Amino acid sequence: MEQADLRRLESQCVQEETPQCVAACPLHVDAKQFCKLMAQRRIDKAWQVLAKTMPLPGVLARMCGEPCKAACVRQDVGGPINMGTMERYCAENAKPINPPKPLPARNKSVGVVGGGFTGLCAAWELARRGFETTLYCSQLGEGLPPFPEGVLDRELTGLETMGVKIETGFDASVSFIRTLIGDMDAVFVDSDVLPESVRDFGAPDELTLGTQEHGLFVSLQGEDSAILQAATGRRAANSIERFTQGVSMVTGRELEGPYETRLYTNLDNVQSLTSALPERDCSELDVRDEAKRCLQCECMECVKSCEYLRHYKFYPKVYARQIYNNESIVMGTRQANTMINSCMLCGLCETVCPEDFSMADVCLEARRTMVEGDKMPPSAHEFALRDMAFANGEKCSLAKHAPGTDTSDYLFFPGCQLTASDPSGVEAAYADLRNRLGNVGLMLHCCGAPAEWSGRVVLERDSMNDLKQIWESLGAPKIIAACPTCLKSLRAGLPNAEITSHWSLLRVLGIREDSVSPKGPFAINDPCAARHDVVLREDIRSILDTLGADTVEPELSGETTQCCGYGGLLSEANPALGMHVAAKRAEAREEDYVTYCVMCRDMMAKTGKRALHLYDLLYSEVNDPAARPSPGYSERRENRVRLKEHLLRNLWREEPNSVAELFESIDVSFTDEALQRMEQRRILKSDVQKTLLAVRESGKRFVHAETGHYLTSHRPVIVTYWVEYEEQGKSYLVHNVWSHRMHIKGVKS
Amino acid sequence: MSVIKVPEADSAGWSCANCNVELTMQHVELEYLDSLFNVELPACPQCGIVLIPETLALGKMNQVEHLLEDK
């Protein structure tokens, strides 16, 4: 990621944009934080928020015309927040605080002419910035309404505390102003108090308030809103600061006054709530309740819908920075590797984001960079890639024309996970397709999604090329794919192929008459791969209708569906988070789920949720298929192998020609605990068999004094497997397994 | 290279079945991603087979593996 990419990504995420009220306020008072504290009845703290930003806060808070109200997001759901009333309450009831401590002296002198509110505010802002400020006026607080006793005096005392010298009894004239300009570094004139005389210096510039007279700044005439007068005072102070520093008077001043903000706040789930605040004599509880109406505007659209984004505590703007930093590390620990590898790449964030921010794009690109730079943690995806290689290996993969034919109009591509989880469903579906369409070939192969998700661009390309060659060798028939991820991968990888989903076909052809009449109701779970495939989603609903299934939808469904936790190989790179995501999705509805991605079904099943794949309704002969547990990793492999062997023998009348490997002859069984640990620890039956074969040959093993169990280890390639077992004649009963990646080089002599 | 001692390296109850001797703590060289460690681990004093107990493999060793992978 280049720095320019980071900047673009950071600006795309609006979470840190200013709330509407703060942007609309000419002084940018933090009304959101103010309301948050008021809602907690922390009035003194809330007052500090106002006083931090407002000049002469005791006066201004009583006069604020609350321009934030017109921008308040609450206005369409119960009416805007009444900031003005709350500000006044605070001014009257909070513990008074001292004026701000000025910045270190700049040794620059500024004269402020005019004691109206604009002049007072300018003097406040200038003194605060460390200018030696003198205020010349005929009368302090000219034009201000009457305040309760002591209010104005307190703020004027504050001005003096900040170092402002106050010279009253002055009737300023043009010559006096000219003298001041000569004596001081800059002068500001409040034109509302001195309307005629300042006209000699020309109209002030709207942005800078500068005039034709070098060093003279003048307010625009006729401003009668106190908050805008205060903003003018601040603008003048900003200009004088720039002027005395000799920097540009105009650049980067867009955000000084009210401005447009891009912060998005979704009101879809916001209840309308009207204000119960009396205009006068409010109680503390009245203002608390009013402050509670504040929506505390923020975006967080993606975080609200994604357990992965929520898990890492921040939002895409921060994540983009973390990913950029992760890539930039030369020496040290890459803190964001697991975060990058935990994104499900499901595209939900992009769909719900008002600015289309895609964490999937950012994370996938980061993974590719990690792989390219040899910085991808080997353990993250190795197991899934081994599984992909196995699915495409001699034992599982198959590509044939229908039995008795040498051409194919169609090619059924069920996908490697459906064959792993439900081989008999795949067999029945293939039979159904042949019965109704004639010469339908079969291809058992992986679509390459694990290669894509793990950032292995070369592997992804090579595996798609292999797949393409096989497909072409069958005469490039129309492909019928059942798995939504396969559909996506194949459409991207074989742009010239005609690809249809099994579901579209079934919608047209009708379903098998002996399909299971479902007992419902079911909650439809759209897989993330179907997010942008409207046709596919409609096909599914149509088939369920035909089946007579009573269905409901989770809140996040269709285009905004949530991933089951398998997508992007989350459950491989971060198993705990994968299970958490699956459990959250499972909880979204009480009903049994029905889905058309077998990984969704199996992830749900792993959490204990009853879930069906649509094949379970169309092609299953199992009683209560929603209760079918997710097959373990070893069983998935065996299912693929057996399916190929079974189909070769029964459909094509061929004997499988793959040679059984020696380790497969090891007769092994497992305790329940051992089986559970194998699943958790991603250890396959074949890994155990290889380890037991190795000890049979080497004899190197430990024995336990109490249990009599043996313990041995073996490192077939990279991972070292440990197997604790007992011998039962010629077979083995395994009690425990574990593994590590660190290589034991041996005892040092 | 200094020798790392790990409390998890407990071989209680296990002995070498081949040599029929108790295990002793020995200096063992471990390697992962081009990093070498010298760790005191239970091993057979005769044939030299090394035991990595479950708690060590899934605890400290796993942490170090992840740390090295993120380097």
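These remarks concern the structure in this document. Worth saying up front: this structure is predicted, and the values here are computed from it rather than measured.

1. Concerning helix 18 (residues 378-391) of chain A
Here comes step 1: In a regular helix each residue adds 1.5 Å, so 14 residues correspond to 20 Å; helix 18 of chain A covers 20 Å between its end C-alpha atoms and thus fits that length.
Here comes step 2: Here helix 18 of chain A lies mainly inside the structure; ten of its 14 residues are buried.

2. So, the layout of surface pockets
Here comes step 1: The space that makes up the largest pocket amounts to roughly 840 Å³.
Here comes step 2: Secondary-structure elements contributing two or more residues to the lining of the largest pocket are helix 15 (337-342), helix 18, helix 26 (570-573), helix 27 (575-587) and strand 19 (731-740) of chain A together with helix 2 (60-69) of chain B.
Here comes step 3: Per-element tally for the lining of the largest pocket: the top contributor is helix 18 of chain A, with five residues.
Here comes step 4: Classifying every residue of the lining of the largest pocket by side-chain character gives twelve nonpolar, ten polar and nine charged.
Here comes step 5: Here the second largest pocket is characterised by a volume of approximately 710 Å³.
Here comes step 6: Lining the second largest pocket are 27 residues, with Phe390(A), Lys395(A), Phe663(A), Glu664(A) and Ser686(A) positioned closest to its centre.
Here comes step 7: Broken down by element, the lining of the second largest pocket gets its largest block of residues, six residues, from helix 30 (residues 633-650) of chain A.
Here comes step 8: Taken together, the residues that form the lining of the second largest pocket break down as eleven nonpolar, four polar and twelve charged.

3. A look at the sheet that holds strand 8 (residues 440-444) of chain A
Residue and element names in this part refer to chain A.
Here comes step 1: Spatial strand order, 6-8-7-9-10: five strands in an open sheet with mixed pairing. Strands with a single pairing partner mark the edges of an open sheet, and in this sheet they are strand 6 (398-400) and strand 10 (499-501). Mean inter-strand twist for the sheet, computed between neighbouring axes without regard to direction, equals 25 degrees.
Here comes step 2: Pairing geometry for strand 7 (residues 410-413) and strand 8, over three bridges, is parallel. The residue bridging Tyr410 from the neighbouring strand is Val440, located in strand 8.

4. Some remarks on the pattern of salt bridges
Residue and element names in this part refer to chain A.
Here comes step 1: Under the criterion given, the structure shown has 48 salt bridges over all chains.
Here comes step 2: Note that Arg234 is salt-bridged to Glu125, the shortest N-O span being 3.1 Å. Of this pair, Arg234 sits in helix 10 (residues 226-245) while Glu125 is found in helix 7 (residues 117-128), placing the two residues 109 residues apart along the sequence.
Here comes step 3: Of the charged contacts, one joins Glu638 and Lys685 as a salt bridge, the two residues approaching to 3.5 Å between their closest N and O atoms. Highlighted residues: Glu638 in helix 30 and Lys685 in helix 32 (residues 685-698), separated in sequence by 47 residues.
Here comes step 4: The class for Glu638 is partly exposed, based on a relative accessible area of 25%.
Here comes step 5: Connected through shared salt-bridge partners, Arg106, Glu125, Arg129, Arg234 and Glu241 make up one network.

5. Some thoughts on the packing of helix 3 (residues 31-39) of chain A against helix 11 (residues 284-292) of chain A
All names here are of chain A.
Here comes step 1: It is at 8 Å that the axes of helix 3 and helix 11 come closest, and there the two elements cross at 130 degrees. Between helix 3 and helix 11, the angle is such that the two are oblique. At the point where helix 3 passes helix 11, the crossing takes the left-handed sense. Contacts between helix 3 and helix 11 involve Cys35, Met38 and Ala39 from the former and Val287, Arg288, Ala291 and Lys292 from the latter.

6. Overview of empty space enclosed by the protein
Where empty space is left can be seen by rolling a probe of water-molecule size over the atoms.
Residues and elements named next belong to chain A.
Here comes step 1: Going through the model one piece at a time under the given rule, you end up with nine cavities of 30 Å³ or more.
Here comes step 2: Counted as a void, the largest cavity has a volume near 240 Å³.
Here comes step 3: Lining the largest cavity are 23 residues, with Trp453, Cys483, Thr485, Tyr566 and Met599 positioned closest to its centre.
Here comes step 4: Secondary structure elements with two or more residues in the lining of the largest cavity: helix 19 (416-421), helix 21 (449-453), helix 23 (484-493) and helix 28 (598-606).
Here comes step 5: Among the residues making up the lining of the largest cavity, the classes are represented as 19 nonpolar, four polar and no charged.
Here comes step 6: Along the wall of the second largest cavity there are 20 residues; nearest its centre are Asp387, Gln417, Tyr566, Glu572 and Tyr633.
Here comes step 7: Residues of the lining of the second largest cavity, tallied by class, amount to eleven nonpolar, three polar and six charged.

7. Re the pairing of strand 11 (residues 522-525) of chain A
All names here are of chain A.
Here comes step 1: Residues Phe522 and Ile524 point to one face of strand 11 and Ala523 and Asn525 to the other, with burial holding for every one of them.
Here comes step 2: Bridging between strand 11 and strand 12 (residues 551-552) involves two bridges; their strand directions are parallel. Bridged to Phe522 within strand 12 is Thr551.
Here comes step 3: A crossover connection joins strand 11 to the parallel strand 12 through helix 25 (residues 534-547); in handedness this β-α-β unit is right-handed.
Here comes step 4: Pairing analysis gives four bridges linking strand 11 to strand 13 (residues 592-595), with the strands arranged parallel.

8. Brief notes about helix 4 (residues 43-53) of chain A
Here comes step 1: Among the residues making up helix 4 of chain A, those that are buried are Ile43(A), Ala46(A), Trp47(A), Val49(A), Leu50(A), Ala51(A) and Thr53(A).
Here comes step 2: The inward-facing, buried residues of helix 4 of chain A contact helix 3, helix 5 (57-63), helix 6 (83-93), helix 7, helix 10 and helix 11 of chain A.

9. Observations concerning the interface of chain A and chain B
Here comes step 1: Of the residues lining the interface, 34 residues belong to chain A; the matching set on chain B comes to 37 residues.
Here comes step 2: Taking both sides of the interface into account, the surface hidden between chain A and chain B amounts to around 3,200 Å²; carbon and sulfur atoms contribute 62%.
Here comes step 3: Connecting chain A to chain B are three salt bridges.
Here comes step 4: In this structure, the salt-bridge partner of Arg681(A) is Glu54(B), at a minimum N-O distance of 2.8 Å.
Here comes step 5: Residue contributions to the side of chain A that touches chain B peak at five residues, all from strand 20 (residues 743-747) of chain A.
Here comes step 6: Among the residues forming the side of chain A that touches chain B, the class breakdown is twelve nonpolar, twelve polar and ten charged.

10. Some words on the nonpolar core
Here comes step 1: Core analysis: the biggest nonpolar cluster contains 111 residues, and Tyr308(A), Met359(A), Phe412(A), Leu490(A), Trp503(A) and Leu614(A) have the highest contact counts within it.
Here comes step 2: In terms of nonpolar packing, the next biggest core, distinct from the first, is built from 67 residues, Cys68(A), Cys72(A), Met86(A) and Ala291(A) among them.

11. Details of the environment of Glu727(A)
Residues and elements named next belong to chain A.
Here comes step 1: Locating Glu727 in the fold gives a position in strand 18 (residues 720-728).
Here comes step 2: The partly exposed category is assigned to Glu727, whose relative accessible area is 39%.
Here comes step 3: Spatially, the C-alpha atom of Glu727 lies 79 Å from that of Ala276, the residues being 451 residues apart in sequence.
Here comes step 4: Discounting residues that sit within four places of it in the chain, Glu727 has contacts with Arg701, Tyr710 and Tyr732.

What counts and how
- Residues numbered from 1 in each chain as written.
- Chains lettered and ligands numbered in written order.
- Predicted model: local features only at pLDDT ≥ 70, side-chain atom pairs only at ≥ 80, totals over all residues.
- Heavy atoms only, no water.
- Helix = DSSP H or I, 4+ residues; strand = E, 2+ residues; numbered from the N terminus.
- Expected span 1.5 Å × (residues − 1).
- Buried < 20%, exposed > 50% of the residue type's maximum accessible area, 1.4 Å probe, protein only.
- 1 Å grid on protein atoms, 1.4 Å probe; cavity = no way out; pocket = protein on both sides within 12 Å on 5 of 7 lines; lining within 4 Å.
- Points joined across faces, edges and corners; volume = space filled by probe spheres on them.
- Nonpolar A, V, L, I, M, F, W, Y, C, P; charged D, E, K, R; others polar.
- Pairing = 2+ DSSP bridges.
- Axes fitted to C-alpha atoms, helices over the stretch in contact; angles between N-to-C directions.
- Salt bridge = Lys/Arg side-chain N within 4 Å of Asp/Glu carboxyl O.
- Parallel < 35°, antiparallel > 145°, perpendicular 65-115°, else oblique.
- Left-handed = near helix turned anticlockwise from the far one by under 90°.
- Contact = heavy atoms within 4.5 Å.
- Right-handed = clockwise from strand over helix to strand, strands pointing away.
- Buried area = accessible area lost by both parts, 1.4 Å probe.
- Core = buried A, V, L, I, M, F, W, Y, C linked by side-chain atoms within 4.5 Å.

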